[in-house]
Amino acid sequence: MNTLHRLRITLQKKTRALDDDTLMLRACNADSLQRQSVFVKPFRHIVIENIFTQEYCDSLCAEFNKKFDEGKFTPLKDSAREIVPNDVPPDGLFYMIRHNVGAPTNLLFTNAWNCYFAKLFNVPTGTETLTAFHFHPTGDHSSVVHHDSALRAFDAKNILPNGVITVPGTEINGNNYYPERDSPTYFLSRRAIALIIYLNNDSASDVGGGTGLYESRNATVPVKIIEPTNNRLLTFDIHHSSYHSFLSNKTPRSSIVQWFYVDNDWFQKKYANQITS
């Protein structure tokens, strides 16, 4: 996918976002969207409390539980291979969310949702996105410290009516999907913005399962811990120093994770003097 084509898609995304405003306003708390807490240490990140209305939050929790009860979740191990060393076995389960007509998760596939976070971080995201339910059973160990920067393959033929490119609507090879490299519509994009939405969690703050933020890959103690409070959203732009990890938990922890993507050439130019591997 060439640069000119990506630019045209970005412009179309902003236009289509206007069509999504009604859905986003119905699902989100307007005051929360306007009152983000912005932090700069150990790297820039934003926390939004009570991001969703209670009704919409409850519908996401119900959808999470439905997929879990249906046995749709699979080990995180395979999905995390691109960002963690091969000798580190991540724990937890995940389910790759797909766009389905009428599903409460469809907000995550709207251009308005994408544009909101792209504007927060001033990043020219494309329309590509991946999102998943994550579940950590009691006793999961803390994950390896990582920065999330990774390339991902997409197939432009897997495009929704609103122009968003994601995984196919039907499950292929279980929970993982990697398009064929010889497809004429195959292309690569790099993760640019990460979202973590905490759901279905115990309200106690002393039972772990939060997200640790670190100054370096080798750090053993987080500079800051984001507790997994229900209906709280953590977001950050991904780069060489956006080091974070899941922290060991004493009670089950659930969340939605999502990534928005950007042209890899843009990313490499922005961080030309920094490590992005």
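Because the structure is predicted, anything quoted here is derived from the model rather than measured.

Q: I tried to follow empty space enclosed by the protein on my own but got confused; where do I start?
A: Vacant regions in the atomic arrangement are exposed by a probe of water-molecule size rolled over the atoms. For the structure on display, the rule yields 2 cavities of 30 Å³ or more. What lines the second largest cavity is simply Val123, Ala192, Asp237, Ile238, Trp266, Phe267, Lys270 and Tyr271. Broken down by element, the lining of the second largest cavity gets its largest block of residues, 3 residues, from helix α5 (residues 264-270). Class assignment of the residues belonging to the lining of the second largest cavity gives a composition of 6 nonpolar, no polar and 2 charged.

Q: Can you help me understand the side chain of Arg191 in this one?
A: Checked against the element boundaries, Arg191 lands in strand β7 (residues 186-199). Using a relative accessible area of 4% as the deciding quantity, one classes Arg191 as buried. At 3.3 Å, the side chain of Arg191 and the backbone oxygen of Asp148 are in polar contact.

Q: I'm lost on the sheet that holds strand β9 (residues 224-226) in this one. Help?
A: Where strands meet in a sheet, backbone hydrogen bonds hold them as pairs that are either parallel or antiparallel. The 3 strands are arranged β9-β8-β11 in an open sheet whose pairing can be described as antiparallel. Two strands lie at the open edges of the sheet, namely β9 and β11 (244-246), each paired on one side alone. Averaged over all adjacent pairs, the angle separating strand axes in this sheet is 25°, with direction ignored. Two strands pair when backbone bridges link them, and strand β8 (residues 211-213) and β9 are joined in this way by 3 bridges, in the antiparallel orientation. Each bridged residue has a counterpart across the sheet, and for Gly212 the counterpart in β9 is Ile225.

Q: Is there a simple way to think about helix α3 (residues 54-69) in this case?
A: Turn by turn, an α-helix covers 3.6 residues, leaving residues three or four places apart pointing in a common direction. Taking 1.5 Å of rise per residue, 16 residues should cover 22 Å, and α3 covers 22 Å from first to last C-alpha, within 8% of that figure. Those residues of α3 that sit buried are Tyr56, Cys57, Leu60, Cys61, Glu63, Phe64 and Lys67. All buried residues of α3 lie within an arc of 160° about the axis, which places them on one face of the element. Away from its buried face, by an angle of more than 90 degrees, α3 presents the exposed residues Gln54, Glu55 and Asp69. Immediately downstream of α3, the backbone of Gly71 shows phi near 75°, a positive value.

Q: In this structure, what is going on with the pattern of salt bridges? I would like to understand it.
A: Pairs can form between side chains of opposite charge whenever their charged atoms are close. In total, this model carries 5 salt bridges according to the counting rule given. Across the salt bridge formed by Lys67 and Glu70, the nearest N and O atoms sit 4.0 Å from each other. Given the relative accessible area of 12%, Lys67 is considered buried. Of the charged contacts in the structure, one is a salt bridge between Lys157 and Asp155, with a shortest N-O distance of 3.9 Å. Judged by relative accessible area, which is 58%, Lys157 ranks as exposed.

Q: Quick question: what am I supposed to make of the packing of aromatic side chains here?
A: To describe a pair of aromatic rings, one takes the distance between the centres and the angle between the planes. Applying the stated criterion across every chain, the model contains 16 aromatic pairs. Taken together, a centroid distance of 4.8 Å and an interplanar angle of 50° make the contact between Phe267 and Tyr271 tilted. Take Phe267: its relative accessible area is 1%, and that puts it in the buried class. The rings of Phe52, Tyr56, Trp113, Tyr116, Phe117 and Phe260 are connected pair by pair, giving a single aromatic cluster. Note that Arg191 overlies the ring of Trp259, its terminal NZ or CZ placed 3.9 Å from the centroid. One residue, Lys224, lies across the ring of Phe39, its end atom 3.1 Å from the ring centre.

Parameters at a glance
- Residues numbered from 1 in each chain as written.
- Predicted model: local features only at pLDDT ≥ 70, side-chain atom pairs only at ≥ 80, totals over all residues.
- Heavy atoms only, no water.
- 1 Å grid on protein atoms, 1.4 Å probe; cavity = no way out; pocket = protein on both sides within 12 Å on 5 of 7 lines; lining within 4 Å.
- Points joined across faces, edges and corners; volume = space filled by probe spheres on them.
- Helix = DSSP H or I, 4+ residues; strand = E, 2+ residues; numbered from the N terminus.
- Nonpolar A, V, L, I, M, F, W, Y, C, P; charged D, E, K, R; others polar.
- Buried < 20%, exposed > 50% of the residue type's maximum accessible area, 1.4 Å probe, protein only.
- Polar contact = N/O pair within 3.5 Å; in protein donor to acceptor, adjacent residues only side chain to side chain.
- Pairing = 2+ DSSP bridges.
- Axes fitted to C-alpha atoms, helices over the stretch in contact; angles between N-to-C directions.
- Expected span 1.5 Å × (residues − 1).
- Arc of directions from axis to C-beta.
- Salt bridge = Lys/Arg side-chain N within 4 Å of Asp/Glu carboxyl O.
- Phe/Tyr/Trp six-rings, centres within 6.5 Å; stacked < 30°, edge-to-face > 60°.
- Lys NZ or Arg CZ within 6 Å of the ring centre and 35° of its normal.

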